Amino acid sequence: MKLCIASGKGGTGKTTLAVNLTRLTGSVLVDCDIEEPNSHLYFPTGADQTVSVTTEYPIIDDDRCDSCGECARTCTFGALLISKRGRSVFKELCHACGACEMVCTREAISWGKRVTGQIRDRAWDKEHHLTWGILNTGEHSGVQIIKELKDHAEEIASGRDLIIDAPPGTGCHAAHALAGCDYTLLVTEPTLFGLHDMQLAIGMLRGMEIPFGVFINKDSPDVGIINDYCKQEGIHIVGRLPFDADFARSGADGQLLTDSSPEARGAMVALLDAIHRATGCRLEVRT
Amino acid sequence: MKRYREIVVISGKGGTGKTSITASLLPFLPHTVVADCDVDAPDLHILLQPLLSCAHDFSGGKKAVIDVDLCLECGICVDVCRFDALRMVADIPEISTADCEGCGTCIIACERIRKAEPAISLEPAITGTLYESQITYGTMIHAQLVPGEEASGKLIAAVRNRAQKLAEETGASYILIDGPPGIACNAISASSGADLALIVTEPTISAYHDLLRLLDITRSFSIPTAIVINKSRGDDEHERKIHSSAEKAGIPVLMTVPLDQRIPASINRRQIPYLGCPEVFDPVQWSSLLGYLRHPEHNSEGEQDAG
């Protein structure tokens, strides 16, 4: 199973759930929050392997180019500038679509490569493997890294389940993390911000036809706004974890709650049962 | 000539309290245009309850559209697309608009095969909505991205452009931006060229890791930067690390707000956190934060007046 953990609002506890469910089950953890990946901080040791992710940009052969300018007129991203005074390629604006090469009649365009980020693997112990993407600071888009990371994760999983930690929000990075997953755990918190951003995420999940259940983190018995909304909409609440200063401190220190708190471990096991009932797929707890 | 100061509140990690801090500052910064640049999960309107003045569809670019009557069903468009945005469904190419980047490569290929007008064209796509609203404290510019869309950076730029134009027209003193999380196009688009990036962080291993990446961005884009620590649980290892990194970078830490459930309780009453629980903010350098925002060159204790 490919289980995605998403949220709408940031800071609700996606990574907390992802790392603790991984710890319990021995699934492969895939951190797709390539702008700010944090899962690896909870599995601090182990040998890392890193590969670079590259993207292409056009290189113009000055001997072949006759400055006709057709490539620059064709490029919808404004990445090429051809004038009598010279030729410029703005690498960061290039999407590597290949249109310039297609319209060049003089075969003057070849391709160079530049690094936009990394994919890193860590074997924490025999049973726990995590892989994550890192977008280089200053780069604008990490869609390509997310796509390559997910392909890479499927290769190394060899049949094991995947737990995908998605970025916050409803933008393109979140959508690419969610694409193709079997079930999504939508993590929220009982505030009006948590409710509103969850509603936006639900809209996206419904549009993508991905089944989902809601997990209420930092739950408080006094605040019923998430319960009430889910009840009214017929949305399945698959689990909850109460607000607890000790949980907050453990998380802040990069500790795994399932190792330190029987209550949190119990909540995670119950969550796995609820996911099993919802999907028919069981992530087995390792003893 | 530009007379306003543009202050953007960003965080790297999500959920550190950008919107709570942005909203709390608003009553103290007179003549401010406020802009919510977290366009894929905007929340500021929940606290400010804006009265909508106008809404515009926003097109962040063009997307490929197929005229099936002209299509020869050859599949060349699927082959040339580098974004996997096309696939053959029952011999007809189908476009995934979320994946299409509007490069037009498929059109060039189609035109060559047909040796005539191509069966594909690029049409402007609505990728969001831009709003202008009235709030107690003036005007608010905000937006909502169509979920999953790529063009969020352009929508954020549109929000900022509108806020800047309005600030110029009305002689506003400040533009206050509630920024997005992250470090990529959204965060860059919301903060490049701003007069001050106010980073809201929290004392956790994750937020510290994210803060260092964000400082990389504000440094490389030459944005003057200051830090607010939120959700403090007292002086601990994480806070000491933040202070030490800030000091090394020559960046002031202006305020440390405690982790306090009165802040989410205010949010749930739709109340600006400062106005809901001033007793949380007043003892923790709130007035010196305001002083810094108004006169960063002095870095002195400012006067406090609830606008």
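Residues numbered from 1 in each chain as written. Chains lettered and ligands numbered in written order. Predicted model: local features only at pLDDT ≥ 70, side-chain atom pairs only at ≥ 80, totals over all residues. Heavy atoms only, no water.

**A few points about the side chain of B:Asp36**
Residue and element names in this part refer to chain B. Looking at the secondary structure, you find Asp 36 in strand E2 (residues 32-36). Of the side chains with opposite charge, Lys 18 comes closest to the buried, unpaired Asp 36, at an N-O distance of 9.1 Å. In terms of polar contacts, Asp 36 uses its side chain to reach the backbone amide nitrogen of Asp 38, at 3.0 Å. A polar atom in the side chain of Asp 36 sits 3.4 Å from the backbone nitrogen of Asp 43. In this structure, Asp 36 is in contact with Pro 42, Asp 43, Leu 44, Met 140, Ile 141, His 142, Ala 143, Val 159 and Asp 178, ignoring residues within four places of it in sequence. (Helix = DSSP H or I, 4+ residues; strand = E, 2+ residues; numbered from the N terminus. Buried < 20%, exposed > 50% of the residue type's maximum accessible area, 1.4 Å probe, protein only. Lys, Arg positive; Asp, Glu negative; His and termini not counted. Salt bridge = Lys/Arg side-chain N within 4 Å of Asp/Glu carboxyl O. Polar contact = N/O pair within 3.5 Å; in protein donor to acceptor, adjacent residues only side chain to side chain. Contact = heavy atoms within 4.5 Å.)

**Quick notes on the pairing of strand E9 (residues 196-201) of chain B**
Residue and element names in this part refer to chain B. For E9, the tally of buried residues reaches 6 of 6 residues, placing the bulk of the element in the interior. Neither face of E9 is left uncovered, since the one carrying Leu 196, Leu 198 and Val 200 and the one carrying Ala 197, Ile 199 and Thr 201 both have all their residues buried. Strand direction decides the pairing type here: strand E1 (residues 5-10) and E9, joined by 4 bridges, are parallel. Residue pairing for E9: Ile 7 is matched across the bridge by Leu 196. (Pairing = 2+ DSSP bridges.)

**Digging into the sheet that holds strand E6 (residues 109-125) of chain A**
All names here are of chain A. Here we have 9 strands laid out as an open sheet, ordered E3-E6-E7-E2-E8-E1-E9-E10-E11, and mixed in their pairing. Looking at which strands have only one partner, the edges of the open sheet turn out to be strand E3 (47-60) and strand E11 (237-242). If you compare each strand with its neighbour and ignore which way they point, the axes differ by 20° on average. Sheet strands in contact with helix H6 (residues 192-207) are strand E9 (183-188) and strand E10 (212-219), and its direction is about 165° off that of E9. Across the sheet, helix H7 (residues 225-233) lies against E9, E10 and E11, angled at about 165° from E10, the strand it touches most. (Axes fitted to C-alpha atoms, helices over the stretch in contact; angles between N-to-C directions.)

**Remarks on the interface of chain A and chain B**
Taken residue by residue, the interface counts 57 residues in chain A and 56 residues in chain B. Viewed at the interface, chain B and chain A are joined by 3 salt bridges. Residue A:Glu101 is joined to B:Arg82 by a salt bridge in which the shortest nitrogen-to-oxygen separation is 3.9 Å. The interface formed by chain A and chain B contains 31 residue pairs in polar contact (both at pLDDT 80 or more). Elements with a minimum of two residues in the side of chain A that touches chain B: helix H3 (99-103), strand E7 (128-135), helix H4 (143-157), helix H5 (172-178), H6 and helix H8 (245-252) of chain A. Residue contributions to the side of chain A that touches chain B peak at 6 residues, all from H6(A).

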